[in-house]
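Now for the letters of each chain:
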Amino acid sequence: MNKIKILHMYADMLDLYGDSGNMEIISYRCKMRNIECIIDKYSIDSEKPDFSSYDLIYIGGGADLEQQHISEDLQKCGDDIKSAYKKGTFLFLICGGYQLLGKYYRDADGVDIPGLGLFDYYTIAEPNRRKRCIGNVIIRTEFMGKTVDILGFENHGGQTHGVKTPLGSVLYGHGNCTKSSYEGYFEENVIATYMHGPCLAKNPEISDYIIKYCLNRDSNEKVVLKELDDALEKDCRQVMIDRLLNK
Ligand code: GLN
């Protein structure tokens with residue numbers, strides 16, 4: 001039986017707009033395919049696990065205050081996360097988690113929260129707290145050879161700069177900065193995005209990209225995922241996309 005091992009970090013503190021739901025969706029989509037899915041949790045003061053033993057590390061989003069609270073602990077895990085990523089562990093990061101794996105996040109008070117510096121981007125929050133990027137967001141991206149329009153919900157003051165390989169181009173909403181053309185950050189084993197929602201509920205293609213990557217990363221026999229019936233998920237997404245784009 002195939003198996004995926006996930007480490008969900010700071011689920012008790014970084015869980016805006018149902019971010020933990022993303023793990024329920026991965027787990028459900030694995031169950032439907034008879035793939036074993038183990039989800040371990042890690043939070044402040046947990047015993048440090050062997051990060052490299054995980055196929056996927058997941059970090060959700062949070063308010064500036066929560067980001068400050070976890071910052072010191074996250075730094076302590078920095079080398080382990082870096083080494084897991086280098087060995088091919090997939091990193092899935094939402095909003096606050098996305099920001100903290102870059103160089104730094106300067107919050108709305110101008111206080112710098114150091115990032116892990118895995119990636120070159122950095123984030124500076126808009127000092128005017130009323131000027132946040134809030135609302136639905138649609139981005140166009142490529143997954144497994146197909147162009148897909150992804151739908152999510154963003155709410156961030158942070159403006160992320162220096163992203164060389166974005167996840168997609170913005171069709172509606174803001175993205176990495178106010179009225180940006182691009183959203184998120186992408187590498188073969190990294191998806192970082194501002195999309196809450198939870199993002200995977202509306203976008204089965206991203207879940208399957210991640211599951212497929214995790215199953216195939218150590219194996220010579222490439223797994224072909226069993227197709228699931230995603231008609232409802234895709235219809236729900238399309239209704240919203242059509243409404244937002246006035247189709
Ligand atoms: N606190 C960060 C910001 O406002 C991240 C917010 C979030 O995770 N939604 O930009």
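Just so you know, these numbers come straight off a predicted model, no measurement behind them.

A. Just the sheet that holds strand 8 (residues 133-143), in detail. Taken in spatial order, the 4 strands of this open sheet run 9-8-11-12, and their pairing is antiparallel. Every other strand in the sheet has two partners, leaving strand 9 (146-156) and strand 12 (182-183) as the edge strands with one partner each. As paired strands, strand 11 (residues 168-172) and strand 12 are joined by 2 bridges and run antiparallel to one another. If you follow S169 over to strand 12, its bridge partner there is Y182. Contacts from helix 6 (residues 231-244) reach strand 8, strand 9 and strand 11 within the one sheet, and its direction differs from that of strand 9 by about 75°.

B. Main features of the sheet that holds strand 1 (residues 3-9). The mixed open sheet is built from 6 strands, whose spatial order is 2-1-3-4-14-13. The open sheet terminates on both sides in strands that have one partner only, identified here as strand 2 (36-42) and strand 13 (185-187). Across this sheet, the average inter-strand angle for adjacent strands is 15°, counted without regard to direction. Direction of pairing for strand 1 relative to strand 2: parallel, over a ladder of 7 bridges. Note on strand 2: the bridge partner recorded for I6 is I39. Contacting strand 1, strand 2, strand 3 (56-59) and strand 4 (90-94), helix 1 (residues 21-31) crosses the sheet at an angle of about 160° to strand 2. Running at roughly 155° to strand 1, helix 2 (residues 64-86) makes contact with strand 1, strand 2, strand 3, strand 4, strand 13 and strand 14 (190-193) of the sheet.

C. Broad picture of the environment of N176. Its location among the elements puts N176 in the loop between strand 11 and strand 12. What makes N176 buried here is its relative accessible area of 3%. In this structure the C-alpha to C-alpha distance between N176 and T193, which are 17 residues apart in sequence, comes to 8.4 Å. Discounting residues that sit within four places of it in the chain, N176 has contacts with Y98, H156, G158, Q159, T160, V163, Y182, E183, G184 and Y194. Within the structure, N176 has its side chain in polar contact with the backbone nitrogen of G184 (distance 2.8 Å).

D. Broad picture of the layout of surface pockets. When its volume is computed, the largest pocket comes out at roughly 410 Å³. In terms of lining, the largest pocket is formed by 18 residues, of which the most central are M144, K146, E205, D208 and E227. Put simply, the parts of the chain that give the lining of the largest pocket at least two residues each are strand 9 and helix 5 (204-216). In terms of residue count, the dominant contributor to the lining of the largest pocket is helix 5 (4 residues). Looking at the lining of the largest pocket residue by residue, the class counts come to 7 nonpolar, 1 polar and 10 charged. Considering only enclosed or pocket space, the second largest pocket measures out at about 160 Å³ in volume. Elements supplying a minimum of two residues to the lining of the second largest pocket: helix 2, helix 3 (96-100) and strand 9. Of the residues forming the lining of the second largest pocket, the biggest block, 3 residues, is contributed by helix 2.

Definitions and cut-offs
Residues numbered from 1 in each chain as written. Predicted model: local features only at pLDDT ≥ 70, side-chain atom pairs only at ≥ 80, totals over all residues. Heavy atoms only, no water. Pairing = 2+ DSSP bridges. Helix = DSSP H or I, 4+ residues; strand = E, 2+ residues; numbered from the N terminus. Contact = heavy atoms within 4.5 Å. Axes fitted to C-alpha atoms, helices over the stretch in contact; angles between N-to-C directions. Buried < 20%, exposed > 50% of the residue type's maximum accessible area, 1.4 Å probe, protein only. Polar contact = N/O pair within 3.5 Å; in protein donor to acceptor, adjacent residues only side chain to side chain. 1 Å grid on protein atoms, 1.4 Å probe; cavity = no way out; pocket = protein on both sides within 12 Å on 5 of 7 lines; lining within 4 Å. Points joined across faces, edges and corners; volume = space filled by probe spheres on them. Nonpolar A, V, L, I, M, F, W, Y, C, P; charged D, E, K, R; others polar.

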